[in-house]
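# Descriptive structure summary
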Amino acid sequence: MHRLWRDTRAILVESLWWDAERRAMRWTDISAGALHTSPLDAAPDGSGDEVVRLPPPLASFQPARAGGFVAALGDRVVLVEAGGRIRSTLATVPHRHTELRLNEGKCDPFGAFVVGSMNLRDESPDGALYRVHPPGRGHPEGRLETLLGGVSVANGFEWSDDGSTFFFTDTPVNTVYAAPYSAEGPLGEPVPVLMGLPSDGLARDRDGGFWSGLYGDGAVVRRTDDGRVTDRIELPAPNITSVAFGGPELSTLFVGSAREQLTEEELAAHPASGGIFALDVGRQGFSVNAFG
């Protein structure tokens, strides 16, 4: 039911998304600052991938309508040309202390980039959720908003079909929240909707289900909005991270993993860690949103 699609032994695979024009998955190895473009049918060892280097950590990135990408580095959000040159800084995030960095980032249905931070020191809720609007009248760079404080590790973002509900994950508290959302204005009050599992990435399918990678549990699960688990797929890597639908029909679930924090014995037992798996799950997902 699954196959090891990329055996690149990355440190930390994140921010998977499908580039329909290139027929490729895009993803980042955060700790290496490596932005990968992986053609669908290229070699599993990654030898056919294109790799662009940015200053690490390259936490997340998404396509920009004007070309290139919007990307989250340690404490700033930047516009990046396709070849990797940083074109401009959209916003600098004022972290509360030096053990915070940016993490998950996705574009909302209205063209803004939503990004969260994570606490590297411990599980204290010192992080936050931010929104960066594209440059426009009155703000020639980007416009930065703080949407929510009190987050430990921001992960797994998604939106409802009409963009009126924002779903986000706080991994250490094993909870996915839902909050009222709009293109402008404050984020509504978050309500726990999926609880009890160490969710990392998040991807909605067209049947209304939520797919999550389980960091530390070596599995991907699908849950309905009432929390019922309909699918659980075990994978040969303990630390599962990003999940995203890709392929020509958006019907393959691509799943990232990490080698970080594993001992030599654990790596020997799970040599596929740091790879990307492809799963045929019988569902379809949605195309990626763009910045701008």
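To start, this report covers the structure provided alongside it. Along every chain, residues carry numbers that run from 1 in the direction the sequence is written. Local features are withheld for residues below a pLDDT of 70 in this predicted model, meaning they are given only at 70 or higher, and side-chain atom pairs are given and counted only at 80 or more; totals for whole chains, interfaces and linings count all residues. Side-chain metrics in this entry use all non-hydrogen atoms of the structure; hydrogen atoms and water are not considered.

Once that is clear, we can look at the nonpolar core. Buried Ala, Val, Leu, Ile, Met, Phe, Trp, Tyr and Cys residues form a nonpolar core when they are joined through side-chain atoms within 4.5 Å. Partly exposed describes any residue whose relative accessible area lies between the buried limit of under 20% and the exposed limit of over 50%, with all areas from a 1.4 Å probe on protein chains only and scaled to the type maximum. Counting residues in each nonpolar core, the largest one holds 17 residues, and the members touching the most others are Val70, Val77, Leu90, Phe113, Val115 and Phe291. When contributions to this core are tallied by element, the ones reaching two or more residues are β7 (69–72), β8 (76–80), β9 (86–92), β10 (100–107), β11 (113–119) and β12 (127–133). Helix numbers and strand numbers start at the N terminus; a helix is a DSSP run of H or I with at least 4 residues, a strand a run of E with at least 2. Sort the elements by how many residues they give to this core and β12 lands first, with 3 residues. Residue contacts are defined here by distance: any two heavy atoms, one from each residue, within 4.5 Å place the two residues in contact. In this structure leucine 90 touches Val70, Val77, Val78, Leu79, Val132, Pro135, Glu141, Gly142 and Phe291, once residues within four positions along its chain are discounted. With 15 residues, the next largest nonpolar core counts Ile233, Ala237, Phe277 and Leu279 among its residues.

Looking now at the side chain of serine 212. Considering the arrangement of structural elements, one finds serine 212 in strand β19 (residues 210–214). For serine 212, a relative accessible area of 1% corresponds to the buried category. The contact partners of serine 212, leaving out residues within four places of it in the chain, are Ser199, Gly201, Leu202, Ala219, Val220, Val221, Arg223 and Val243.

With 7 of 7 residues buried, strand β22 (residues 240–246) lies mostly within the body of the structure. For β22 and strand β23 (residues 252–257), the ladder comprises 5 bridges, and the chain directions are antiparallel. Bridging across to β23, isoleucine 240 finds its partner in serine 257. What makes two strands pair is DSSP finding at least two bridges between them. Linking two consecutive strands that pair antiparallel, namely β22 and β23, is a turn of 5 residues; a positive phi of about 90° is found at glycine 247 within it.

Further remarks concern the environment of phenylalanine 254. If you trace the backbone, phenylalanine 254 turns up in strand β23. Sequence spacing of phenylalanine 254 and leucine 129 is 125 residues, and the spatial spacing of their C-alpha atoms is 25 Å. Residues in contact with phenylalanine 254, not counting those within four places in the same chain, are Trp5, Leu16, Met25, Leu40, Ser242, Val243, Ala244, Gly246, Gly247, Ile276, Phe277 and Ala278.

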